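Here are the chains, one letter per residue:
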Amino acid sequence: MATIIKSYEPTFWDKLYFPALLKGLMVTIKHFFRQKVTIQYPDERHIPPDGYRGLHRLNKYPDERIKCVACEMCAAACPSNCISIIPGPSPWDDGKERYPVRFDINLLRCIYCGFCEMACPEGAIELTEIYDFSNYSRDDLVIDKDGLLGVYELTKKQNYYTKKSHSPASLPFKTERT
Amino acid sequence: MNHNDIKSNVLTTTLESAINWGRKNSLWPMPFGTACCGIEFMAVLAARTDIARFGAEAIRFSPRQSDLLIVAGRISIKMMPVLIRIYEQMPEPKWVISMGACASSGGVFDTYSVIQGIDQFIPVDVYVPGCPPRPEGVVESLMKIQNLIDKEKLSDYALSSSK
């Protein structure tokens with residue numbers, strides 16, 4: 001069924017075009033004085049809410065013992081198989097037999113789902129709020145045990161982003177291109 | 001005109017650093033978005049983390065006019081010839097960012113049909129982990145590319161068509 005649409009007859013003010021022009025400019029002017037949404041990233045950084053899943057860390061007890069008992073539950077739960085652990089006998093006399101000799105996470109494989117955190121019976125592996133990191137080679141983005149403990153040192157006291165001196169250069173990665 | 005006038009009015013530099021300054025502050029990215037990372041790359045361009053602040057807002061969907069390839073998303077074995085062709089169509093000098101887990105290493109898709117890391121086929125300069133990475137992560141990698149360009153030597157390109 002055809003519907004007849006009557007064309008709009010422009011009035012005197014429409015023919016002037018200025019009111020329409022000013023109307024359009026008003027939108028621009030209104031946005032000019034609104035609050036700015038751009039975050040000047042390297043200088044000011046978004047602080048993610050609690051529970052954000054970023055770079056991993058390995059937790060320690062207050063007396064510097066590593067919480068991990070190398071049960072490999074995280075590696076079993078990992079959907080992308082990015083965690084590899086080599087267990088060994090624990091160096092501390094605390095009733096726990098196992099201890100990770102090596103603990104490597106391939107950060108490029110990882111999809112930051114947090115399943116490892118959920119699977120861990122000791123609360124050893126945890127995902128921190130760190131989100132801005134990249135590197136020049138794939139090998140440099142495999143984080144080892146010392147790196148994970150280094151991330152713990154960076155994030156144990158306060159949110160990583162609340163401290164001004166924290167930058168991607170302070171993360172335990174090799175930053176030089178090889 | 002005495003000596004002091006010249007000192008305060010003339011800026012001296014090398015041709016190399018002038019060219020590198022120009023290149024690093026006017027990167028023209030070519031997005032190769034095949035999955036969710038491509039959607040996240042739109043957020044990198046949007047107002048909140050505006051990469052126009054780094055002079056890289058001129059997104060060209062034509063490889064012949066761009067010098068930074070951003071591979072965002074999983075690349076299947078059938079898509080790889082297309083990606084290689086696009087990479088080869090880009091004029092020198094060119095840089096590549098591998099954005100996200102799938103492009104960099106295959107991510108969760110450890111199957112025969114997905115390329116386990118595009119660096120097996122094309123040279124990658126910077127890898128960004130994440131699934132997908134936050135826009136800040138991509139901006140950080142862009143700054144890493146700018147650092148790379150700063151160290152570039154003009155003699156690397158002289159008399160050779162390949163890097």
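Please read all numbers here as calculations on a predicted model, not as lab measurements.

1. A word on the overall build of chain B
Then, number 1: Secondary structure assignment for chain B yields 6 helices and 4 strands.
Then, number 2: Helices and strands in chain B line up, N terminus first, as α-α-β-α-β-α-β-α-β-α.
Then, number 3: For chain B, the residues scored as buried account for 48% of the 163 residues in total.
Then, number 4: For chain B, contacts bridging at least 24 residues in sequence account for 79% of all contacts bridging at least 6.
Then, number 5: Roughly 8200 Å² of accessible area belongs to chain B as shown, and the carbon and sulfur atoms make up 58% of that amount.
Then, number 6: Both charge centroids of chain B, one from 16 positive and one from 16 negative side chains, sit 3 Å from each other.

2. Comments concerning the sheet that holds strand β5 (residues 142-143) of chain A
Residues and elements named next belong to chain A.
Then, number 1: The strand order β2-β3-β5 describes an open sheet built from 3 strands, whose pairing is antiparallel. Edge positions in the sheet fall to β2 (83-89) and β5, since each has one partner strand and no second.
Then, number 2: Where β2 lies against strand β3 (residues 98-106), 7 bridges are found, and the strand directions are antiparallel. Of the residues in β3, the one forming a bridge with Ile-85 is Phe-103.
Then, number 3: Against the sheet, helix α5 (residues 145-155) touches β3 and β5, its axis set at about 85° to β3.

3. Details of the interface of chain A and chain B
Then, number 1: Opposite the 27 residues of chain A that make contact, chain B presents 33 residues.
Then, number 2: Buried area between chain A and chain B, both sides added, is near 2700 Å², and the carbon and sulfur share of it is 58%.
Then, number 3: Remark: the boundary between chain A and chain B carries 1 salt bridge.
Then, number 4: A salt bridge links Asp-119 of chain B to Arg-138 of chain A, with the shortest nitrogen-to-oxygen separation between them at 2.9 Å.
Then, number 5: On the surface where chain A and chain B come into contact, there are 16 residue pairs in polar contact (both at pLDDT 80 or more).
Then, number 6: When the residues that make up the side of chain A that touches chain B are grouped by side-chain class, the tally is 16 nonpolar, 7 polar and 4 charged.

4. Brief notes about the packing of aromatic side chains
Then, number 1: With the rule as written, the count across this model stands at 8 aromatic pairs over all chains.
Then, number 2: Taken together, a centroid distance of 5.5 Å and an interplanar angle of 70° make the contact between Phe-12 of chain A and Trp-13 of chain A edge-to-face. The same class applies to Phe-12 of chain A and to Trp-13 of chain A, which are both exposed.
Then, number 3: Ring centres of Trp-92 of chain A and Tyr-99 of chain A lie 5.2 Å apart, and the angle between their planes is 85°; this geometry places the pair in the edge-to-face category.
Then, number 4: With a relative accessible area of 16%, Tyr-99 of chain A lands in the buried category.
Then, number 5: What links up through ring pairs into an aromatic cluster is the set Tyr-52, Tyr-131, Tyr-160 and Tyr-161 of chain A.
Then, number 6: A cation over an aromatic ring shows up here: Lys-36 of chain A above the ring of Phe-32 of chain A, its NZ or CZ 5.9 Å from the ring centre.
Then, number 7: Positioned above the aromatic ring of Tyr-131 of chain A, the side-chain terminus of Arg-134 of chain B is 4.7 Å from the ring centre.

5. Brief notes about the nonpolar core
Then, number 1: Membership of the largest hydrophobic core comes to 53 residues, with the highest contact counts inside it found for Ile-83 and Phe-103 of chain A together with Leu-69 of chain B.
Then, number 2: Mapped onto this core, the elements with two or more residues apiece are α3 (73-77), β2, β3, β4 (125-127) and α5 of chain A together with β1 (29-33), β2 (68-72) and α4 (80-89) of chain B.
Then, number 3: Excluding residues that lie within four positions of it along the chain, Ile-83 of chain A makes contacts with Cys-74, Ala-75, Cys-78, Phe-103, Asp-104, Ile-105, Cys-116 and Ile-125 of chain A.

6. A word on unusual backbone geometry
It is generally the case that most residues other than glycine have a negative phi and that most peptide bonds are trans.
Then, number 1: Glu-92 of chain B connects to Pro-93 of chain B through a cis peptide bond whose omega is -5°.
Then, number 2: At the junction of Cys-131 of chain B and Pro-132 of chain B, the peptide bond is cis and its omega measures out at -10° in the coordinates.
Then, number 3: The phi torsion at Glu-72 of chain A lies on the positive side, around 65°, for a residue other than glycine.
Then, number 4: Tracing the sequence through the fold places Glu-72 of chain A in the loop between β1 (56-58) and α3.
Then, number 5: Backbone geometry at Asn-81 of chain A places phi at a positive 50°, although glycine is not the residue there.
Then, number 6: Inspection of the secondary structure puts Asn-81 of chain A in the loop between α3 and β2.
Then, number 7: Residue Asn-81 of chain A is classed as exposed on the basis of its relative accessible area of 58%.

Calculation notes
Residues numbered from 1 in each chain as written. Chains lettered and ligands numbered in written order. Predicted model: local features only at pLDDT ≥ 70, side-chain atom pairs only at ≥ 80, totals over all residues. Heavy atoms only, no water. Helix = DSSP H or I, 4+ residues; strand = E, 2+ residues; numbered from the N terminus. Buried < 20%, exposed > 50% of the residue type's maximum accessible area, 1.4 Å probe, protein only. Contact = heavy atoms within 4.5 Å. Areas by Shrake-Rupley, 256 points an atom, 1.4 Å probe, with all protein chains shown as cover. Lys, Arg positive; Asp, Glu negative; His and termini not counted. Charge placed at Lys NZ, Arg CZ, Asp CG, Glu CD. Pairing = 2+ DSSP bridges. Axes fitted to C-alpha atoms, helices over the stretch in contact; angles between N-to-C directions. Buried area = accessible area lost by both parts, 1.4 Å probe. Salt bridge = Lys/Arg side-chain N within 4 Å of Asp/Glu carboxyl O. Polar contact = N/O pair within 3.5 Å; in protein donor to acceptor, adjacent residues only side chain to side chain. Nonpolar A, V, L, I, M, F, W, Y, C, P; charged D, E, K, R; others polar. Phe/Tyr/Trp six-rings, centres within 6.5 Å; stacked < 30°, edge-to-face > 60°. Lys NZ or Arg CZ within 6 Å of the ring centre and 35° of its normal. Core = buried A, V, L, I, M, F, W, Y, C linked by side-chain atoms within 4.5 Å.

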